[in-house]
Amino acid sequence: MKCRVCREPAVIDVRRQNANYCVAHFFRMCRDQVAKAVEQFGMIAPGERVLVAVSGGKDSLAVWDLLVDAGYDADGLYLGLGIGDYSDESGAYVRRYAKARGLTLTEVDLPDDYGYDIQTGSRAARRAPCSACGLSKRHLFDKAAIDGGYDVVVTGHNLDDEAAVLFGNVLRWQTGYLGRQLPVLPARHGFPRKVKPLVRLSERETAAYCVLKGIDYIVDECPMAKGNRHLGYKEALNAIEATSPGTKFDFYFGFLARASAAFQAEAEAEQEGLRPCRSCGAPTPGEICAFCRLVERAGGTLPPGEEPPAAGAVPVTLGARLPSPDAVSP
Ligand code: AMP
Ligand code: FES
Ligand code: ZN
Ligand code: ZN
């Protein structure tokens, strides 16, 4: 097996590209794919302040590493979700990486700062853990970005993640979600842009990137996610990809090029019915957004400045902040 570029011995094959790479050229391929995604979708402009949401897993550590190496001004954000040993360990991986590279890391802790954890929140809100978790994460990513004055929030979603979410949304024809399933969600009403620079790289490639670069990451999946639908979709797509390399890429990028626009009017219309939460300003179809209701039901507390206003009080945050809506695809 020889490297496609230099003909030296290769360490990895990338079947969808019908190519093998040595270490140096594999790194170059990863950098090129991130640069291409950033450029293709206008993800990050030069000089912008970037907040990378880092979970301690391979994808988010890889994207942070790749963006810092590419010269972006990229700080990290870790959310402690209160998922027992899993959260303790994942936080430790993020802190070790940040320290080793001398990078700035902000931390928010759900139990300490908001008085609940994912399990309590999920039970109280009668939502699946991953749904309570996704809701909390979206809210807190937005808030941390605003508080820190960042222009853009980066997540580590990769090609496998996006293809699996697309697959799930197509299976149920969730057309509103399909209209919002983009690698870039534009900034709106004071909330930061959200981007996914790894959409051109697969999970196997981000794992290989970390291993070859010597980046330690938490290998275990979240214990709450075991057996969820999303993992089933990934397995189904992997089975197809094994016999037909490139299918995942064509599925996702074909959707973006040829189908996504057809669903955008519906997604926009859903956004129009939203108004700012009376407590935190996040867009919601009701008075109080799903995050604030979740915190309340879970017996948690919103930090000072975020408490729900007294009944009849005039909402002060109207129109000031509008992050991703309550119902977004996982
Ligand atoms: P997941 O929803 O767990 O697949 O994670 C998707 C992306 O969200 C990751 O690649 C990270 O960018 C971000 N993320 C997930 N969990 C955390 C966390 N605890 N703290 C910060 N970012 C996270
Ligand atoms: Fe959110 Fe596991 S990381 S439920
Ligand atoms: Zn080479
Ligand atoms: Zn709210």
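Presented here is a report on the structure given in the accompanying data block. (Residues numbered from 1 in each chain as written. Chains lettered and ligands numbered in written order. Predicted model: local features only at pLDDT ≥ 70, side-chain atom pairs only at ≥ 80, totals over all residues. Heavy atoms only, no water.)

Below, the discussion takes up the overall build of the protein. Looking only at helices and strands, the protein features 13 helices and 10 strands. Expected size for 330 residues packed as a compact globule is a radius of gyration near 20 Å; at 20 Å, the protein falls within 12% of this value. C-alpha atoms of the protein, sized along the principal axes, occupy 70 × 45 × 40 Å. Residues counted as buried form 51% of the 330 residues belonging to the protein. In the protein, once contacts between residues fewer than 6 apart in sequence are set aside, the share between residues at least 24 apart is 71%. Between the mean site of the 39 positive side-chain charges and the mean site of the 41 negative ones, the protein shows a separation of 4 Å. (Helix = DSSP H or I, 4+ residues; strand = E, 2+ residues; numbered from the N terminus. Rg over C-alpha atoms; globule rule 2.2 N^0.38 Å. Buried < 20%, exposed > 50% of the residue type's maximum accessible area, 1.4 Å probe, protein only. Contact = heavy atoms within 4.5 Å. Lys, Arg positive; Asp, Glu negative; His and termini not counted. Charge placed at Lys NZ, Arg CZ, Asp CG, Glu CD.)

The subject of this paragraph is the nonpolar core. Counting 51 residues, the largest nonpolar core has Phe 26, Ile 44, Val 52, Trp 64 and Leu 67 as the members making the most contacts within it. Residues within four places of Ile 44 in sequence aside, it is in contact with Val 38, Val 50, Leu 67, Tyr 72, Val 152, Val 154, Arg 193 and Val 195. (Core = buried A, V, L, I, M, F, W, Y, C linked by side-chain atoms within 4.5 Å.)

The next point concerns the site of ligand 1. Around ligand 1 sit 13 residues in total, of which Ala 53, Val 54, Leu 79, Thr 155 and Gly 156 are the nearest. Contacts to ligand 1 include Ala 53, whose backbone N or O atom sits 2.5 Å from an oxygen atom. One of the backbone N or O atoms of Leu 79 is found 2.8 Å from a nitrogen atom in ligand 1. Coverage of ligand 1 by the protein amounts to 76% of the 480 Å² it exposes when considered alone. (Near = heavy atom within 4 Å. Polar contact = N/O pair within 3.5 Å; in protein donor to acceptor, adjacent residues only side chain to side chain. Areas by Shrake-Rupley, 256 points an atom, 1.4 Å probe, with all protein chains shown as cover.)

Quick look at the coordination of the zinc ion (ligand 3) now. Coordination sphere of the zinc ion (ligand 3), protein contribution only: Cys 3 (SG), Cys 6 (SG), Cys 22 (SG) and His 25 (ND1), at 2.1 to 2.3 Å. Coordination at the zinc ion (ligand 3) is tetrahedral: its 4 donor atoms span angles of 97 to 114° at the metal. We classify Cys 22 as buried; its relative accessible area is 10%. (Donors = N, O, S within 2.8 Å, 3.2 Å for Na, K, Ca; no water. Tetrahedral: all angles 85-135°; square planar, octahedral: opposite > 155°, others 65-115°.)

All right, on to the sheet that holds strand S5 (residues 105-109) then. On the basis of which strands lie adjacent, the open sheet formed by 6 strands has the order S5-S4-S3-S6-S8-S7 and mixed pairing. Each edge of the open sheet is held by one strand with a lone partner, namely S5 and strand S7 (184-185). Inspection of the sheet shows strand S4 (residues 73-80) paired to S5 by 5 bridges, in the parallel sense. In the sheet register, Gly 80 faces S5, and the bridge partner there is Asp 109. Sheet contacts for helix H2 (residues 58-69): strand S3 (49-53), S4, S5 and strand S6 (152-154); angle to S3, the most-contacted strand, approximately 160°. Here helix H3 (residues 84-101) sits on the sheet in contact with S4 and S5, set at roughly 160° to S4. (Pairing = 2+ DSSP bridges. Axes fitted to C-alpha atoms, helices over the stretch in contact; angles between N-to-C directions.)

Coordination of the zinc ion (ligand 4) by the protein involves Cys 277 (SG), Cys 280 (SG), Cys 289 (SG) and Cys 292 (SG), with metal-donor separations of 2.3 to 2.4 Å. One can describe the site at the zinc ion (ligand 4) as tetrahedral: its 4 donor atoms subtend angles covering 105 to 113° at the metal. For the zinc ion (ligand 4), the donor residues sit on a single chain with the sequence spacing C-x2-C-x8-C-x2-C. Exposure remark for Cys 277: the relative accessible area of 1% places this residue in the buried category.

Once that is clear, we can look at H2. The end-to-end C-alpha distance of H2, which contains 12 residues, comes to 16 Å, matching closely the 16 Å that a straight helix rising 1.5 Å per residue would cover. Two residues or fewer after H2 comes Gly 71, characterised by a positive phi angle close to 95°. (Expected span 1.5 Å × (residues − 1).)

Evaluation of the coordinates by the stated rule reveals 20 salt bridges. Residue Asp 142 pairs with Lys 194 through a salt bridge whose shortest N-O separation is 3.1 Å. Here the residue Asp 142 occupies a position in helix H6 (residues 129-148), and Lys 194 occupies one in strand S8 (residues 193-195), the gap between them amounting to 52 residues. The burial state of Asp 142 is the same as that of Lys 194; both residues are buried. The partner of Glu 268 in a salt bridge is Arg 188, and the shortest N-O contact between them spans 3.4 Å. Taken together, the positions of Glu 268 in helix H12 (residues 264-272) and Arg 188 in the loop between S7 and S8 put the pair 80 residues apart, joining distant regions of the chain. For Arg 188, a relative accessible area of 29% puts it in the partly exposed group. If you follow the salt bridges from partner to partner, you end up with Asp 65, Asp 69, Arg 101 and Lys 213 in one network. (Salt bridge = Lys/Arg side-chain N within 4 Å of Asp/Glu carboxyl O.)

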